[in-house]
Amino acid sequence: MISGLVKTIDALRHTANPRGMTFSASDRRPNLAWLLFMQLRPIQWTKNGLLFAALIFTIPRVTFAMFGSAAVGFFLFSLVSGCVYILNDLVDLEADRNNPDKWHRPMASGLLKPAYAIGVGFGVWVISLWLAWRLNELFFGVLLCYFCLNVLYSLYLKRIALVDVLTIAAGFVMRAAAGGMAIGVRLTPWFLCCALILSLFLAVGKRRYEFVAWKARRREGRQVLQHYSLPLLNLLSTVLAGALIVTYILFTCSPTHTRYLTLTIPFVGFGVLRYYHLVHLKQLGGRPEILLLKDKPVLVTVSLFVISVITILYLFN
C-alpha cells in the first residue's frame, strides 16, 4: 500500500507540466478529493509511526484496547500534521512554485485552490482535536502543543539556524510521548533521548541535502540555508550518528528492560551507518520517509529490528 502511494506520487511529479500545470499523459486533472488528500501529504505519515513505539515496548502487556488507542492516536496525529502541511505550503506557495522538488504539490502546481485547502484543513483540524480530547486529555494537550509548535515553525522558527532542526526534533519527541499517553504508558527518559537524537540526525541530514542542492543549483532555497555550512552540517551529522548509537546502547542496558534487548544493537548500528553512508556519499537524505521505503538495506534492517524487539520482549520481558 505504501509503495503504491510512493509510485503514485512519482507518477504525478513526472506527468505534470511545471509551466502549464496540466497532466500531459491523459490531459485529465485529478479530482478535488484526491488533491485534498495529497495536500495532507500522506507519505509523510510514516513519521507518525513513532507513536507505536510505546506500544511495542509495552509487550507482552499489550491489549486490543491499547492497540486501538494507539491506532486512533496515529490517525489523529497524521491528520493534524497534514493540516500543518497545508499552512506551511500556503506560506511557502511562491517559493514552492520555483522549487524543482516542490512545484508538483497540489497548491504550488495550481491544481488546488488555497481556499479549498484551508477550508477543509480547518474542518479536519477541529474534528481531530475533538476526537483527541475524547481519547485522552493528555494526548489532546500534546497534540495541540505539536500543532502550535509547528505553526510557529512554519511562520518563523524555520528561518533560524539550529532552532529549525531542534523544532523538528521536538516534534518527534512529542510523537513518542503522545503514543505513550494514548495507551496510558510512560516512556523512559532514555527512549525519549533516542527519539530526540534520531530526529536531529534525520533533520540535519535533510538540511545537508538541501544545502548541497542549493549550492549546486544556485537557485532560491530555504532562507536558513545561508546560515549553514557544509563542514558544520557534516560535523553535526557525525556527532549525532555516534550519539544515537551510544544512547540506544544505554537504553537497552537500563534496568527497565530485559538484557536480551542488547541483541538489537547491531541493527541500530548498521541502520545508522547505512543512512550516514547514503547522506554523505550518495547525496540522499532530502526525503527520509521515501529513503526508508526505497532503500532495501534500510528497509530490511528496520523490519528486522522491529521483529527482533517484539520477539525478545514477548519471550523474555
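Residues numbered from 1 in each chain as written. Predicted model: local features only at pLDDT ≥ 70, side-chain atom pairs only at ≥ 80, totals over all residues. Heavy atoms only, no water.

Looking at an unreviewed UniProt entry, the protein carries the name UbiA prenyltransferase family protein, with the source organism given as Alicyclobacillus fodiniaquatilis. Per UniProt, the comment on the protein under Subcellular location (unreviewed entry) is "Membrane". (UniProt positions renumbered as here; feature names shortened; annotations may be inferred.)

Caption draft 1: Looking closely at the overall build of the protein. When helices and strands are counted, the protein shows 13 helices and 0 strands. Going from the N terminus to the C terminus, the protein shows its helices and strands as α-α-α-α-α-α-α-α-α-α-α-α-α. Within the protein, the proportion of its 317 residues that are buried is 45%. Within the protein, residue pairs in contact and separated by at least 24 positions form 71% of the contacts whose partners lie at least 6 positions apart. Total accessible area computed for the protein in this model is approximately 16,000 Å², and 69% of it derives from carbon and sulfur atoms. (Helix = DSSP H or I, 4+ residues; strand = E, 2+ residues; numbered from the N terminus. Buried < 20%, exposed > 50% of the residue type's maximum accessible area, 1.4 Å probe, protein only. Contact = heavy atoms within 4.5 Å. Areas by Shrake-Rupley, 256 points an atom, 1.4 Å probe, with all protein chains shown as cover.)

Caption draft 2: Looking closely at the confidence of the model for the protein. In this model, the protein carries an average pLDDT of 85, and 89% of its residues clear a pLDDT of 70 or more. Across residues 11-27, where pLDDT falls below 50, the model places 26 contacts with residues more than four positions away in sequence or in other chains. (pLDDT = per-residue confidence, 0-100.)

Caption draft 3: Region of the structure containing the pattern of salt bridges. Taken as a whole and judged by the stated rule, the model has 5 salt bridges. Across the salt bridge formed by Arg 41 and Asp 89, the nearest N and O atoms sit 2.4 Å from each other. With Arg 41 in the loop between helix H2 (32-39) and helix H3 (53-56) and Asp 89 in helix H4 (residues 64-91), this pair connects stretches of sequence that are 48 residues apart. The same class applies to Arg 41 as to Asp 89, namely buried. A salt bridge links Arg 105 to Asp 89; the shortest N-O distance between them is 3.3 Å. On the criterion of sequence distance, the pair formed by Arg 105 in the loop between helix H5 (93-97) and helix H6 (114-135) and Asp 89 in helix H4 is long-range, its members being 16 residues apart. In this structure Arg 105 comes out as buried when scored by relative accessible area, which is 16%. Under the relative-accessibility criterion, Asp 89 is labelled buried at 3%. (Salt bridge = Lys/Arg side-chain N within 4 Å of Asp/Glu carboxyl O.)

Caption draft 4: Expanded view of the packing of aromatic side chains. With the rule as written, the count across this model stands at 16 aromatic pairs. Ring geometry for Phe 122 versus Trp 125: centroids 6.0 Å apart, planes at 35°, classification tilted. Of this pair, Phe 122 and Trp 125 both sit in helix H6, 3 residues apart, roughly one helical turn. Judged by its relative accessible area of 54%, Phe 122 is exposed. Centroid distance Phe 191 to Phe 251: 5.8 Å. Interplanar angle 55°. Geometry classified as tilted. Of this pair, Phe 191 sits in helix H9 (residues 189-217) while Phe 251 sits in helix H10 (residues 230-253), and the two are 60 residues apart along the sequence. (Phe/Tyr/Trp six-rings, centres within 6.5 Å; stacked < 30°, edge-to-face > 60°.)

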